[in-house]
Amino acid sequence: MSDTTVEDEATMAGDQHGATVTLSMQQALNRALDEVLAENPRAVIFGEDCGRLGGVFRITDGLQAKHGENRVFDTPLAESGILGMSVGLAMAGFHPIPEVQFDGFAYPAISQIVCQIARMNYRSRGTLPMPITLRVPSFGGIRAPEHHGESLEALFAHVPGLKVVSPSNPHEAYHLLKYAATRPDPVIFMEPKSRYWHKGDVDTADGGTPTGAKVLREGRHLTLVAWGAMTARCLQVAELAAEDGIEVEVLDLRWLKPIDAESLVTSVRKTRRAVVVHEAPLTSGLGAEVAQLITRGCFDTLKAPVERVTGFDVPYPSGDLEDEYIPNIDRILFGFQRVLEYRRG
Amino acid sequence: MSDTTVEDEATMAGDQHGATVTLSMQQALNRALDEVLAENPRAVIFGEDCGRLGGVFRITDGLQAKHGENRVFDTPLAESGILGMSVGLAMAGFHPIPEVQFDGFAYPAISQIVCQIARMNYRSRGTLPMPITLRVPSFGGIRAPEHHGESLEALFAHVPGLKVVSPSNPHEAYHLLKYAATRPDPVIFMEPKSRYWHKGDVDTADGGTPTGAKVLREGRHLTLVAWGAMTARCLQVAELAAEDGIEVEVLDLRWLKPIDAESLVTSVRKTRRAVVVHEAPLTSGLGAEVAQLITRGCFDTLKAPVERVTGFDVPYPSGDLEDEYIPNIDRILFGFQRVLEYRRG
Amino acid sequence: MDTLPLPDDGDTARPTPEHLRELYSLMAAVRHLDLSAVAWQRQGIIPGYAPELGQEAAQVGSGYAVDTSRDFVFPTYREMGVARTMGVSMVEYMSTHKATWHGGLYDPVKSRLAPIQAVVAGSVLHAVGWAHGQTLDGSDAVAMTYLGDGASSQGDVHEAMNFAAVMKAPVVFFVQNNGWAISVPTERQVAGGSVAARAAGYGIPALQVDGNDVVAVLAATRRAFAHCRSGNGPVVIEAMTYRRGPHSTSDDPGRYRSLDEERDGAGEDPLHRFRQQLQADGVADEEFFAQAQASAAAEAEKIREGLEALGPRPGNEMFGLVFQETTPALQSQAVSWREESEHV
Amino acid sequence: MDTLPLPDDGDTARPTPEHLRELYSLMAAVRHLDLSAVAWQRQGIIPGYAPELGQEAAQVGSGYAVDTSRDFVFPTYREMGVARTMGVSMVEYMSTHKATWHGGLYDPVKSRLAPIQAVVAGSVLHAVGWAHGQTLDGSDAVAMTYLGDGASSQGDVHEAMNFAAVMKAPVVFFVQNNGWAISVPTERQVAGGSVAARAAGYGIPALQVDGNDVVAVLAATRRAFAHCRSGNGPVVIEAMTYRRGPHSTSDDPGRYRSLDEERDGAGEDPLHRFRQQLQADGVADEEFFAQAQASAAAEAEKIREGLEALGPRPGNEMFGLVFQETTPALQSQAVSWREESEHV
Ligand SMILES: Cc1ncc(C[n+]2csc(CCOP(=O)(O)OP(=O)(O)O)c2C)c(N)n1
Ligand SMILES: Cc1ncc(C[n+]2csc(CCOP(=O)(O)OP(=O)(O)O)c2C)c(N)n1
Ligand SMILES: [Mg+2]
Ligand SMILES: [Mg+2]
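Every value quoted in this text rests on a predicted model; they were computed, and no experiment measured them.

Overview of the overall build of chain C
Now for step 1: Of regular secondary structure, chain C possesses 14 helices and 7 strands.
Now for step 2: Relative to a compact globule of 344 residues, whose C-alpha radius of gyration would be 20 Å, chain C shows 21 Å and is just as compact.
Now for step 3: Expressed along its principal axes, the backbone C-alpha trace of chain C runs to roughly 65 × 50 × 40 Å.
Now for step 4: Restricting to contacts in chain C with at least 6 residues of sequence separation, those with at least 24 account for 74%.
Now for step 5: Element-wise, carbon and sulfur atoms account for 49% of the exposed surface of chain C, whose accessible area totals about 11800 Å².
Now for step 6: Across chain C, the 27 positively charged side chains and the 44 negatively charged ones have centroids separated by 1 Å.

Next comes the structure, spelled out in C-alpha cells:
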C-alpha cells in the first residue's frame, strides 16, 4: 500500500490549479476529499478507521491531520450507526461524507440508507435535504475475505431517492467525487477497489460534463457497456478485438442512477449490437435494466439481443475462484461472438 | 379483520383431506402453516406478535394455542435478531418459519438475510443447510403507514442463495407455502397483503406443479406477466381487453427466483408481444429481468419491445396517492396500446 | 433509579401555578384530540390512528421542557401530545393519519419536530447525529428522541447510545415504557426489566420516572436538558406509563390482555390524577377545568374541520419532492403519469 | 467484575498438572503456527492472515472448556487458537487464509465449530438461535460465541444479548477485549469502558477475567458453561487481552500506535508468563518446554506442507454448493462456465 500523504501528493504534483497530473485512483480520491473539505466548511468525513489510520485503503490519508478531528473522525464499529448519524448531521446542516469500510458492510446500514437517507427529503417535503455522499469501496478482484467483494449497484439503483455513481479511472474518480460531494442529494459513490493503485492522468481543471455516461473508445461494430473496474477490462477486450478488425465502442456508464439512456441508445443505434458487462450476479442485476433500456430505444436497429456477461448467480467466491467468477476476457469475447454471429432464425 | 380461528376453519371447511374449499388467502396460509407444524415436528414459527396475537394479519392465528409455545412464539422487536436467530435454529436442525411484520422491516435484517442465510449452505459446503421460510407481508394497496407497502422482490431475486415466491390467490397461497416450508433451502415467501381477505377456491388435494410460472388465462395477442397482487389486476384488464377483441394471456410468474424463463418464452413466442407489470419502482426492478429474458428468448418473433408498467422511481406514497403510484387499469391499457400499436420505424 | 448528577445551573424550580394550569390545559387538549381521533377513524374521516391514551403526562411533561428556539425533537408515530405541546399545527400533524403525507405536512425545520417516524427506533441515531452537529458547531442545543419499550430491542438503539456516549453528544433518550409493544408485554421484551438500567453499561446517567406524573416528567426532562446543555453528554429517561388503548385503531387488545389486566396495569388516569392534585393544591378550580375542557373540545372541532377540508396532495408531488435536483427519468415518468392518469 | 453466581455442580477444580501441561502445549502450538502463518504470508504461501498473537491464553483457555460431544462454538476470523484447541484440522482451517474457501474447508458439524465468520458480530445471533434450539430439544448443550471489543458496538450484539436473556438461552458470549478494533482503541469504541458491564442491563451475569491467564480463562469459561448447562440462561465473559500484532497482514499498526504504547498496553506475554508459572510450580521443566516447542514446530511444518499441497477448489463447486436443490438457471450457468472457461 502507498505511503503517500496529502502533503507528498501536493509536492509531487507541484501543480497550480489546472495542470494535468499522474495519480493513482487512491490519490485522486484523497485529493478530491481534501479539496472538498477545504472548500466546504460543512463537509465532514467519518467512518471506521477513517481518521487516524486514514482508512484501510488510505483514501482519507492525512486528512485528519490537516483538517482536524472535528472534520475527519473515527466512529465506533457500527454501520447503521454511521449512516443513521449521517442523517442527523445532514439535518443539522452538514454535508456528511461517511465511509463504509467494504461493500458487504453496507448491508447492516441498508435500513438507514433505504428508509431514511433516501426518503427524508421526500418525507419532509424538501425541507430536510440529505446531501450525503456515501463512499463504498466496491466490487471484487483483490482476493479479499468474504463480503469484501460485493457489487451492490442493482440494489442501490432500485431505491427511489438515491443517486449512484462509480468512477473507472483516476480522472473520473477525482471529478465525480468532487461533483458528488457537492450535490444536495444523497449519492452512493462506489469505488472500484481493485483500481485504487492504478495510475492515470488527471486533468484537474477540466473534468468535462460530470453527468451521464462517457464514450471511452469509439467503434462501429458493437457497444460494450460497463462501469467501475469492468471498464478497464472492456478497454482491453476492445484492443484485442481490434486486432481481428472488430471496432468496439466502450461506454463507461458512470452514473448507475440516473442511467443515461440517451447515450446508450445513441451508441447502439450506431453499432446495432450491445454487450453489457458487470461483476454482480446475473439475475436482477443492473445489466437487465441497461439491456432493456437499449432494447426499448433501439428495437428497430438491433441486430441481436443484448448480451449480458456478468458474475454468476452464486455467492462471491474466495480468491482462488474469483477469476472464474468475474467476467474475464474470454467470457466477454464469447459474448461478442454470440452477438456478432446472431442470425435471425 | 377476520375472527376465524384454525378451529373454525376446520369446521367450516368440513373437508376430508382432498376437498375443494373456499378460503380467504389469510385462511389458506393459516391452514398451510397449521399442517406444516403438524407434519414436521422440527418446524417452528416466530416473529413479532406471531404467538399470542396470531400476527397483525392473523396468519398465525390460533397456532400457538394449538401447537404450543415452543412451536409458535413471540420474539422481542428486532428483525435482525429474528433472522439471525433463524440461522442458529436451522444449524440446530430446525425448520424456522420466521415472519417479518411488514416488508419495510425486512431492511434491518438484510445483512442476516444476504450475508448469512443465503450463504451458509455454500460457506459450509452443504453441511449447514438453511431450510428457512421467511414470510414477508408485501406490496402496497392498503393505505398503510410509511414502509408498509414495499416491494422487495428485485433485491431478494438478486441475492445468490435465496429463492423467492409470491402467491396470487388462496389456492396458490396454500400450496406454495406448503411447498416452500418443506424445502431444504431458504425461501422468501412474499404475501400480497392487499389480497389477504379475498376468497377463492382451494383444492387442497391437487396443487399442480409447485414450481415455475402458471398460465392463468390463455390468449394469443399479448402476454401479460405479473405476480402477487398485480395478477388479479391483470386478469381484470384481460377481461376488459377481451371486450375489444384483444385476447390477453396472463402469466402468473409465481417464482421470482428462479424465474421460469421457459414459460415466458413459450407464451411470448405465441403472442409475440409482452407487458410486464409490477408495483416496485421501474428502475432496476424485476421487470427488467423478465423483459430481458423474454427479449433474449423471443428476439425473432417479438413484434414490439417488451413494455413495463410499474411503480414510479419514487418512495411508496401515502394512502391518498397510492392509486396514482400502483399500476392501475388505465396505465396497463396504455402499455398494451404501446405494444399493440408499435410499428417498426 | 436516578443516576443523573444534580445540575448546577438547570431550572429545577417547581412550575408556577400558571405553568401548572398550562400543563393541565395541554393534557386536556391532547386527551380530547386523542379520543376524537379514534372516533374520527370509526366515522371514516381518517383511515387509521395510533392513540396515546394514558401517555399524556409523559408526552406533555417532556415536550414542555423543549426550547423550540434551539432544541430539536425526534418523535415516533405516537407523539401527538409532544407535537401539540411544542405548538405544531395539529391539522398538519394529523394529516399523516389521514394518509395525506407520510411524516405529516408540518414543516419540521420551523417546528423543531422531525417528521413522524414509522420505523421503530428509526430516528434515535438521527438525534445522535444532530446532537453531535451541535457539538461541532459549539451550540448548546439539545436533541430529544422518543422511543418505546419495544423499540429498545432494536440494534439501532444500542448503536445510538454507544455513539452518543463515546461522542458525549447532547441527546436525551426519552423512553416511554408503556408496558406493551403491540401484543408483547415489557417482561417478554426488555430483558432485565428496565431500559434505563442499560444506560449504566455505557456510562450514561439515567432516570426512571413516574410517567403518569406530569410534573415529575417535566422536572426529569429539564434536569436532563440542563445536563446535556452543559456539555456532559447524553441522558436516558424512562417514563413508566401505560398504553391504555389499542396499539392502533386496527388492533384488538382483547386478544392478548384482559380488561382486568388492563385496569391493574394502567393504574390511575394521569389526567384525572393531575386534576385532583391541582384541586387539592388550590391551583385550579372547577371553572378552570370546565374552561379547559371547553377549549379542548373547540380545538378538536376545528382540527376536524381542517382535516375534512384537507384534500389529497397533487400527484406531481410524488415526483417533484424526491430530490433537490430532479433527474431526466423522474421528469419523463412525471410526464407519462400526467398523460396516463390525468389524461392531459 | 464477577456477577456470576458460583455453580453448585460445575467443575471448578484447578486443572491437574497433566492438563496444565496440555494447555501449555496447545498455547505453544498456537503461538508457533500464528508466527509461521505471518511468515507464510510474507513468503507468498498465503495471501493474508489475521494474527492472534497475545491472545493465546484467551483462546486456548476458553476453547479447552468446550465439550465437543455436545457444545457448539461460533468463531470470528481470529479464533485459530480456539479451533486448534478444539481439534479442528489446521490445514482445513487455514485454507480460508489461502483463499481456498470462505469459511474454511473443515466440516463445521463434525468439528462443532461454525464456519469462520467475516462479518464482525455476524454470528452472535446464530449462537443464540442454536442455544434456544437446545432448550426446545431439552438438551444441555451450550453455545459459545466469540466477539471483539469492536464488534460489541454492533446492533446485533445488543439484539443477541436481549434475545438470549429473554429466552434464557444457554449461550456464553466470550468477548476478547484486545484493546483495538483495527486502529480504534477500546476507549473510543466501548462507551463505559467494559463490555461485561453491559450485561447487568439485561440481567445477565458477567465476568471480567485476565485474558492473558490461561488458567483463569479456563476457570471462568467452565463456570459459565456450568451456569448455562443448568438452565440459568446466558453469561458474558470479557477476557482482557491485547492484540500484540497487526490487525491483519495488510495492516500497519505504526500508523496508529507507537511501539511504546504497544509495549505498555500488551503487558507480559501470556505464553511466557504461563511458562514461568509452570516452572515455579514445578509442573513442567526445561525438557518439557523444549519438547513442546519441537512438536509445535513439527506441527507447523506439516501444516505448511498441507497448505502448499492444497490446490484450488474445482470451479463447479461455485454452482453446486449454492443450494441443496439446485435451479435450472444455475445449471445452465454452470454449463456455460464450463464451455467458456474450461473450454470443454
Ligand atoms: C423496525 C420496525 N419493526 C416493526 C414495526 C411494526 N411495529 C410498529 S409499532 C410496533 C410496536 C412498538 O412498540 P413500542 O416501541 O413499545 O412503542 P409503542 O407502540 O408502545 O408506542 C411494531 C412492532 C415497525 N414499525 N418498525
Ligand atoms: C460488519 C463489519 N464491519 C466492518 C468490518 C471490517 N472489519 C474487520 S475486523 C474489524 C475490527 C474488529 O475489531 P474487534 O471486534 O475488536 O476484533 P479484533 O479484530 O480486535 O479481533 C473491522 C472494522 C467487518 N468485517 N464487518
Ligand atoms: Mg410500548
Ligand atoms: Mg479488538
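Some remarks on the coordination of the magnesium ion (ligand 3)
As a benchmark, a tetrahedral metal site with four donors has ideal angles of 109.5 degrees, while an octahedral site with six donors has ideal angles of 90 or 180 degrees.
All names here are of chain C.
Now for step 1: Coordination of the magnesium ion (ligand 3) by the protein involves Asp149 (OD), Asn178 (OD1) and Trp180 (O), with metal-donor separations of 2.1 to 2.2 Å.
Now for step 2: Mapped onto the sequence, the donors of the magnesium ion (ligand 3) take the spacing D-x28-N-x1-W.
Now for step 3: Judged by relative accessible area, Trp180 falls into the buried class, the value being 11%.

A closer look at the site of ligand 1
Now for step 1: Of all residues adjacent to ligand 1, which total 20 residues, the nearest are Glu79 of chain B together with Tyr77, Arg78, Gly150 and Ala151 of chain C.
Now for step 2: Lying at an intersection of chains, ligand 1 is approached by residues of chains B and C.
Now for step 3: Here an oxygen atom of ligand 1 sits 3.5 Å away from a polar atom, N or O, in the side chain of His247 of chain C.
Now for step 4: Contact with the protein chains covers 95% of the free accessible surface of ligand 1, which is 580 Å².
Now for step 5: For the shell around ligand 1, the residue count by class is 10 nonpolar, 6 polar and 4 charged.

Description of the interface of chain B and chain C
Now for step 1: Between chain B and chain C, the residue contacts involve 38 residues of the former and 40 residues of the latter.
Now for step 2: Contact between chain B and chain C buries roughly 3400 Å² in total, counting both sides, with carbon and sulfur atoms accounting for 54%.
Now for step 3: Considering only the side of chain B, the residues that lose the most area to chain C are Arg52, Leu77 and Leu321 of chain B, jointly responsible for 19% of the buried surface there.
Now for step 4: The interface formed by chain B and chain C holds 3 salt bridges in total.
Now for step 5: Close ionic contact of Asp61 of chain B with Arg255 of chain C constitutes a salt bridge, the shortest N to O distance being 2.5 Å.

Quick look at the side chain of Arg31 of chain D
All names here are of chain D.
Now for step 1: Along the chain, Arg31 turns up in helix α1 (residues 17-42).
Now for step 2: Its relative accessible area of 11% is what places Arg31 among the buried residues.
Now for step 3: One polar contact links Arg31 to Asp269, side chain to side chain, over a distance of 2.9 Å.
Now for step 4: The contact partners of Arg31, leaving out residues within four places of it in the chain, are Leu53, Gly54, Glu56, Asp269, Pro270 and Leu271.

Let's talk about the sheet that holds strand β11 (residues 248-252) of chain A
Residue and element names in this part refer to chain A.
Now for step 1: On the basis of which strands lie adjacent, the open sheet formed by 5 strands has the order β9-β11-β10-β13-β14 and mixed pairing. Edge positions in the open sheet fall to β9 (214-217) and β14 (307-311), since each of these has one partner strand only. Across the sheet, the axes of successive neighbouring strands diverge by a mean angle of 25°, strand direction being ignored.

Here's the deal with the pattern of salt bridges
Now for step 1: Scanning the model with the defined rule gives 86 salt bridges over all chains in all.
Now for step 2: As a salt-bridge pair, Arg254 of chain A and Glu172 of chain A come within 2.7 Å of each other at their nearest N and O atoms. Remark: Glu172 of chain A occurs in helix α8 (residues 170-180) and Arg254 of chain A occurs in the loop between β11 and β12 (255-257); sequence separation between them is 82 residues. Residue Arg254 of chain A shares its accessibility class with Glu172 of chain A, and that shared class is buried.
Now for step 3: Notably, a salt bridge pairs Arg70 of chain D with Asp67 of chain D, separated by 2.7 Å at the nearest N-O pair.

Looking at the site of ligand 2
Now for step 1: The local shell around ligand 2 holds 20 residues, among which Glu79 of chain A together with Tyr77, Arg78, Gly150 and Ala151 of chain D are the closest.
Now for step 2: Ligand 2 sits at the junction of chains A and D, each of which supplies nearby residues.
Now for step 3: A distance of 2.7 Å separates an oxygen atom of ligand 2 from a polar atom in the side chain of Tyr77 of chain D.
Now for step 4: One of the side-chain N or O atoms of His247 of chain D is found 3.5 Å from an oxygen atom in ligand 2.
Now for step 5: For ligand 2, whose unbound accessible area comes to 590 Å², protein coverage reaches 95%.
Now for step 6: Across the shell around ligand 2, the residue classes break down as 10 nonpolar, 6 polar and 4 charged.

Some details on the interface of chain B and chain A
Now for step 1: Every contact between the two is made by 52 residues of chain B and, on the other side, 52 residues of chain A.
Now for step 2: In this structure, the connection of chain B to chain A is made through 10 salt bridges.
Now for step 3: Between Arg123 of chain B and Glu146 of chain A there is a salt bridge, and its shortest N-O distance comes to 2.9 Å.
Now for step 4: Seen at the junction of chain B and chain A, the total is 24 residue pairs in polar contact (both at pLDDT 80 or more).
Now for step 5: Looking at the side of chain B that touches chain A, the elements that each hand over two or more residues are α5 (110-117), α6 (120-123), α7 (153-158), β13 (274-281), α11 (286-298) and β14 (307-311) of chain B.
Now for step 6: Looking at which element gives the most residues to the side of chain B that touches chain A, the answer is α11 of chain B, with 8 residues.

With respect to the coordination of the magnesium ion (ligand 4)
All names here are of chain D.
Now for step 1: Taken together, Asp149 (OD), Asn178 (OD1) and Trp180 (O) make up the full set of protein donors to the magnesium ion (ligand 4), lying 2.1 to 2.2 Å away.
Now for step 2: Each donor residue of the magnesium ion (ligand 4) lies on the same chain, and together they follow the pattern D-x28-N-x1-W. Of this pair, Asp149 sits in the loop between β2 (143-148) and α7 (155-167) while Asn178 sits in the loop between β3 (171-177) and β4 (180-181), and the two are 29 residues apart along the sequence.
Now for step 3: Owing to a relative accessible area of 1%, Asp149 belongs among the buried residues under this scheme.

As for α1 of chain D
Now for step 1: The first and last C-alpha atoms of α1 of chain D sit 38 Å apart over 26 residues, in line with the 38 Å expected at 1.5 Å per residue.
Now for step 2: Count one or two residues on from α1 of chain D and you reach Gly44 of chain D, which has phi positive near 85°.

Concerning the relation of the copies chain B and chain A
Now for step 1: Note on the copies: chain B fits chain A at an RMSD of 0.0 Å, the axial shift is 0.0 Å, and the rotation between them is 180°. What the superposition gives is, in effect, a two-fold axis relating one chain to the other.
Now for step 2: Looking at chain B, 100% of its interface residues are interface residues in chain A too, so the copies touch through the same face.

Re the sheet that holds strand β7 (residues 235-240) of chain C
Residues and elements named next belong to chain C.
Now for step 1: Reading across the sheet, the 5 strands line up as β1-β2-β3-β7-β6 and stay open at both edges, with parallel pairing between neighbours. What marks the edges here is a single partner per strand, and that holds for β1 (72-74) and β6 (206-210). Strand-to-strand, the axes of this sheet are offset by a mean angle of 20°, without reference to chain direction.
Now for step 2: Across 6 bridges, strand β3 (residues 171-177) lies against β7 in parallel orientation. Residue pairing for β7: Val175 is matched across the bridge by Glu238.
Now for step 3: With respect to the sheet, helix α7 (residues 155-167) is in contact with β2 (143-148), β3 and β7, its orientation differing from that of β3 by roughly 150°.

Quick notes on the environment of Ile246 of chain B
Residue and element names in this part refer to chain B.
Now for step 1: With respect to the element layout, Ile246 can be found in the loop between α9 (230-243) and β11 (248-252).
Now for step 2: Considered as a pair, Ile246 and Thr22 are 224 residues apart in the sequence and their alpha carbons are 31 Å apart.
Now for step 3: Setting aside anything within four residues of it in sequence, one finds Ile246 in contact with His221, Ala238, Ala241 and Leu340.

With respect to the environment of Glu249 of chain A
All names here are of chain A.
Now for step 1: As for its placement among the helices and strands, Glu249 is situated in strand β11.
Now for step 2: Leaving out residues up to four positions away in the same chain, Glu249 has contacts with Val215, Arg217, Glu218, Gly219, Leu222, Thr223, Leu224, Ser267, Lys270 and Thr271.
Now for step 3: Polar contacts involving the side chain of Glu249 include one to the main-chain amide nitrogen of Gly219, which spans 3.1 Å.
Now for step 4: There is a polar contact of 2.5 Å between the side chain of Glu249 and the side chain of Lys270.

Criteria and thresholds
Residues numbered from 1 in each chain as written. Chains lettered and ligands numbered in written order. Predicted model: local features only at pLDDT ≥ 70, side-chain atom pairs only at ≥ 80, totals over all residues. Heavy atoms only, no water. Helix = DSSP H or I, 4+ residues; strand = E, 2+ residues; numbered from the N terminus. Rg over C-alpha atoms; globule rule 2.2 N^0.38 Å. Contact = heavy atoms within 4.5 Å. Areas by Shrake-Rupley, 256 points an atom, 1.4 Å probe, with all protein chains shown as cover. Lys, Arg positive; Asp, Glu negative; His and termini not counted. Charge placed at Lys NZ, Arg CZ, Asp CG, Glu CD. Donors = N, O, S within 2.8 Å, 3.2 Å for Na, K, Ca; no water. Buried < 20%, exposed > 50% of the residue type's maximum accessible area, 1.4 Å probe, protein only. Near = heavy atom within 4 Å. Polar contact = N/O pair within 3.5 Å; in protein donor to acceptor, adjacent residues only side chain to side chain. Nonpolar A, V, L, I, M, F, W, Y, C, P; charged D, E, K, R; others polar. Buried area = accessible area lost by both parts, 1.4 Å probe. Salt bridge = Lys/Arg side-chain N within 4 Å of Asp/Glu carboxyl O. Pairing = 2+ DSSP bridges. Axes fitted to C-alpha atoms, helices over the stretch in contact; angles between N-to-C directions. Expected span 1.5 Å × (residues − 1). Least-squares fit on C-alpha atoms with pLDDT ≥ 70 in both.

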